[in-house]
Amino acid sequence: MITEPFVSSSVTPIDSLNTLSPYEVRQLQDASQGGLYRLFRQCALAVLNSGSELDSTKQVLEKFKEFDIRISPKHRSVQLELINAPATAFVNGEIITGIREHLFSVLRDLLYVGIELDQCCPGINESEATTNMVFHVLRHAGAIRPHVKPDMVVCWGGHSIDRHEYEYTKKVGYEMGLRGLNICTGCGPGAMKGPMKGATISHAKQRIRDGQYVGITEPGIIAAESPNPIVNKLIIMPDIEKRLEAFVRLGHGIVIFPGGAGTAEELLYILGILLHERNHNLPFPLVLSGPSGSEEYFAQIDAFIRDTLGDHAASLYQVIVDDEHGVAEAMAEGLEQVTRYRVATSESFHFNWQLHIPDSFQQPFEPTHENMASLELIKEQSEYELASNLRCALSGIVAGNVKEMGIREIEEKGPFEIQGEANIMDPLDQLLSSFVEQRRMKINYKEYQPCYKLNQELAVE
């Protein structure tokens, strides 16, 4: 039984970052004490607060406002001094091993990798540099596995799903694990945890001892979606755009479960990329799935995609309801197609270099009132450009719901105002309204107020 809500302790790394030079240790100290300190503290707190029922970064930071973390040298390595850390991260005074690993993943990705990448990739354009940066972060985290046939399935879905939907995600993960497939998710609870949990059981049955449960997150969301304990490779990308690129570069196929605005953002991201003419012949299995009772949810998603992006966009995915076996079979078959294609084109198995990601999908989008109001939600543009603008709109709503900066922006200036043509705003309104009615925006609905307002100010000629 936990009698104290907070614990102060010293923690040293097990494997990563345990052989650093004195110069490297000083670099980490300087970085942590400089502009990255606040970010480092926030992400470390999120890891230590695993299993929390709070999905508001602002509320988490307020609850643990006395928490602090400091870096000190220890026998040519590093030691973290935790002050007033959540007691749930400890057992009998000792930090839980998985949380300890995640804590040093935060240190690695925010401080050490940041230092290493400052001079990354001279002589190439910005888009290529971004992709190479994503590759370097994934490789440094040990997520790049050369000479292994495509087997990584990215699973997207909501963190605030109900028990029925959560159990279904476990069943799908179990079936995929039986087929030797590995799992990558956003690392949090709900549909991000379920597939990993299911896969761990089937991997144990198949005696797969090196199962991969990769969690990819970013600083703005990690406190609202603390890493679940099954993740054995936690990776923190600098922003949501690089996080999304990491998913589609590392993963070989995607399964999307029911979710809210964040899940819709992810779907728009991959559809926008696949709609680009340079990716038309690239195999990328994409399955939308949920348990019995989710038919209406997927009908709403499908209608939104057809009304905004068109029937071609809808042809890029298949919907499979209440059939975990069918999802696993479809994904296994899709990965075989990916394997054959990459062999034929001499593409690497471990990183999808051939996938073209347009600049608009790589540029960080800051969800301010001005940027949200200026999004071009009109039909007179290419499908992939419209998908990019719609993704930004959903990204801003996610920020207003759960990210500290977005929440404060809403508190100061009121809801984001999003405007566009009626033939886009009407389907968007119907989609968002369904998320609200189904309680998919946040875990705690007693305090939920829409952070957005939709306007139809642009006439359709």
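The paragraphs below set out a description of the structure included in this document. The residue numbering used here restarts from 1 in each chain and proceeds along that chain's sequence as written. This being a predicted model, a pLDDT of at least 70 is required before a residue's local features are given, and a value of 80 or more before pairs of side-chain atoms are given or counted; all residues contribute to the totals for chains, interfaces and linings. To get the side-chain values, all heavy atoms of the structure are used, and hydrogens and water are removed first.

1. Some details on empty space enclosed by the protein
Next up, step 1: A pocket, in this scheme, is an open set of points on a 1 Å grid over the protein atoms alone with protein on both sides within 12 Å along at least 5 of 7 lines, while a cavity is a set where a 1.4 Å probe fits but cannot get out; residues line either one if an atom lies within 4 Å of a point. Grid points are joined across faces, edges and corners, and a volume is the space filled by probe spheres set on the points. Tallying each qualifying case throughout the model produces four cavities of 30 Å³ or more.
Next up, step 2: Considered as a void within the structure, the largest cavity measures approximately 320 Å³ in volume.
Next up, step 3: Forming the walls of the largest cavity are 26 residues, and the residues nearest its centre are His159, Glu225, Gly262, Thr263 and Val398.
Next up, step 4: Elements with a minimum of two residues in the lining of the largest cavity: helix 9 (240-250), helix 10 (261-275) and helix 16 (383-402).
Next up, step 5: The way it works is that DSSP assigns letters per residue, a run of H or I at least four long becomes a helix, a run of E at least two long becomes a strand, and they are numbered from the N terminus. With five residues, helix 10 is the single largest residue contributor to the lining of the largest cavity.
Next up, step 6: Classifying every residue of the lining of the largest cavity by side-chain character gives eight nonpolar, 11 polar and seven charged. Asp, Glu, Lys and Arg are counted as charged, while Ala, Val, Leu, Ile, Met, Phe, Trp, Tyr, Cys and Pro are counted as nonpolar; the rest, among them Gly, fall into the polar class.

2. So, helix 17 (residues 404-413)
Next up, step 1: Categorising residues by exposure relies on relative accessible area from a 1.4 Å probe, with only protein chains included: less than 20% of the type maximum marks a residue as buried, more than 50% marks it as exposed, and the intermediate range marks it as partly exposed. Residues of helix 17 that are buried include every one of Glu404, Gly406, Ile407, Glu409 and Ile410, and no others.
Next up, step 2: Trailing helix 17 by a residue or two, Gly414 shows a phi angle of about 85°, which is positive.

3. Notes on the sheet that holds strand 12 (residues 318-321)
Each strand in a sheet pairs with its neighbour through backbone hydrogen bonds, running either in the same direction (parallel) or in the opposite one (antiparallel).
Next up, step 1: By definition, two strands form a pair when at least two bridges between them are found by DSSP. Spatially, the seven strands line up as an open sheet ordered 9-8-7-6-10-11-12, and their pairing is parallel. Each having just a single partner strand, strand 9 (233-236) and strand 12 make up the two edges of the open sheet. With strand direction ignored, the average angle separating the axes of adjacent strands in the sheet is 25°.
Next up, step 2: As judged from the three bridges shared by strand 7 (residues 182-185) and strand 8 (residues 213-217), these two strands associate in the parallel manner. Directly across from Cys184, in strand 8, lies its bridge partner Val214.
Next up, step 3: Should any heavy atoms of two residues lie within 4.5 Å, those residues are considered in contact. Fitting a line to C-alpha atoms yields each axis, with helices limited to the stretch in contact; the angle taken between N-to-C directions then spans 0 to 180 degrees. Sitting on the sheet, helix 9 is in contact with strand 6 (152-156), strand 7, strand 8 and strand 10 (253-256), with an inclination near 150° to strand 8.

4. Quick notes on the layout of surface pockets
Next up, step 1: Each pocket or cavity is described by its volume, and for the largest pocket that value is around 760 Å³.
Next up, step 2: Lining the largest pocket we find 31 residues, and of these Leu39, Glu218, Pro219, Gly220 and Pro238 sit closest to its centre.
Next up, step 3: Elements that contribute at least two residues to the lining of the largest pocket include exactly helix 2 (37-48), helix 4 (97-116), helix 5 (126-140), helix 8 (219-222), helix 9, helix 16 and helix 17.
Next up, step 4: Partitioning the lining of the largest pocket into residue classes produces 17 nonpolar, five polar and nine charged.

5. Regarding the nonpolar core
Next up, step 1: Within the largest apolar cluster, 78 residues are counted, with the highest numbers of intra-cluster contacts made by Leu138, Ile216 and Ile305.
Next up, step 2: Sorting elements by how many residues they give to this core places helix 10 first, with 10 residues.
Next up, step 3: Excluding residues within four positions of it along the chain, Ile216 makes contact with Leu138, Cys184, Thr185, Gly186, Cys187, Ile235, Met237, Arg243, Ala246, Phe247 and Leu250.
Next up, step 4: In plain words, nonpolar cores are sets of buried Ala, Val, Leu, Ile, Met, Phe, Trp, Tyr and Cys residues tied together by side-chain atoms within 4.5 Å. Of all hydrophobic cores here, the second largest spans 57 residues; its members include Leu111, Tyr168, Phe257 and Met331.

6. Observations concerning the side chain of Lys233
Next up, step 1: Residue position: Lys233 is located in strand 9.
Next up, step 2: Although Lys233 is buried, it forms no salt bridge, and the closest oppositely charged side chain is Asp210 at an N-O distance of 8.8 Å.
Next up, step 3: Discounting chain neighbours no more than four positions away, the residues touching Lys233 are Ala141, Gly142, Ala143, Gln212, Tyr213, Val214 and Gly215. None of His or the chain ends enter the tally, which takes Lys and Arg as positive and Asp and Glu as negative. Salt bridges are defined as contacts in which a side-chain nitrogen from Lys or Arg sits within 4 Å of a carboxyl oxygen from Asp or Glu.

7. Digging into unusual backbone geometry
With glycine set apart, most residues show a phi of negative sign, and most peptide bonds adopt trans.
Next up, step 1: Within the chain, Asp322 stands out as a residue other than glycine whose phi angle is a positive 55°.
Next up, step 2: Inspection of the secondary structure puts Asp322 in the loop between strand 12 and helix 13 (324-344).
Next up, step 3: For Asp322, a relative accessible area of 43% corresponds to the partly exposed category.
Next up, step 4: Although it is not a glycine, Arg439 adopts a positive phi angle of roughly 60°.

8. What about the packing of aromatic side chains?
Next up, step 1: Side-chain rings of Phe, Tyr and Trp (the six-membered ring for Trp) are treated as a pair once their centres are within 6.5 Å; stacked means planes under 30 degrees apart, edge-to-face means over 60, and tilted covers the remaining angles. What the rule picks out here adds up to nine aromatic pairs.
Next up, step 2: With a centroid separation of 5.0 Å and 80° between ring planes, the pair formed by Tyr297 and Phe298 is classed as edge-to-face. The same class applies to Tyr297 and to Phe298, which are both buried.
Next up, step 3: In textbook terms, an aromatic cluster arises when at least three aromatic residues are bridged by ring pairs, as seen for Phe135, Phe351 and Trp353.
Next up, step 4: The ring centre of Tyr297 lies 4.7 Å from the NZ or CZ of Arg440, which sits over that ring. By definition here, charges over rings are those cases where NZ of Lys or CZ of Arg is within 6 Å of the ring centre and within 35 degrees of the ring normal.

9. Section: the packing of helix 11 (residues 295-308) against helix 18 (residues 422-437)
Next up, step 1: Taken N-terminus to C-terminus, the directions of helix 11 and helix 18 make an angle of 165°; their axes are 9 Å apart at the nearest point. The pairing of helix 11 with helix 18 is recorded here as roughly antiparallel in orientation. As for the relative orientation of helix 11 and helix 18, their crossing is left-handed in sense. Residues Tyr297, Gln300, Ile301, Phe304, Asp307 and Thr308 of helix 11 form the contact with helix 18, whose own contacting residues are Asn423, Ile424, Pro427, Leu428, Gln430, Leu431, Ser434 and Phe435.
Next up, step 2: Class assignment of the residues belonging to the contact of helix 11 with helix 18 gives a composition of eight nonpolar, five polar and one charged. Angles are sorted into four bins: roughly parallel if under 35 degrees, roughly antiparallel if over 145, roughly perpendicular if 65 to 115, and oblique for all others. By definition, any crossing whose near helix is turned counterclockwise from its far helix by less than a right angle is left-handed, and any crossing with a clockwise turn is right-handed.

10. Points about the pattern of salt bridges
Next up, step 1: Summed over all chains, the structure comprises 17 salt bridges.
Next up, step 2: Taking the shortest distance from any N to any O, the salt bridge between Arg70 and Asp68 comes out at 3.4 Å.
Next up, step 3: For the salt bridge of Glu409 with Lys413, the shortest nitrogen-to-oxygen distance reads 3.6 Å. Taken together, the residues Glu409 and Lys413, both in helix 17 and four residues apart, mark about one turn of the helix.
Next up, step 4: Judged by relative accessible area, which is 13%, Glu409 ranks as buried.

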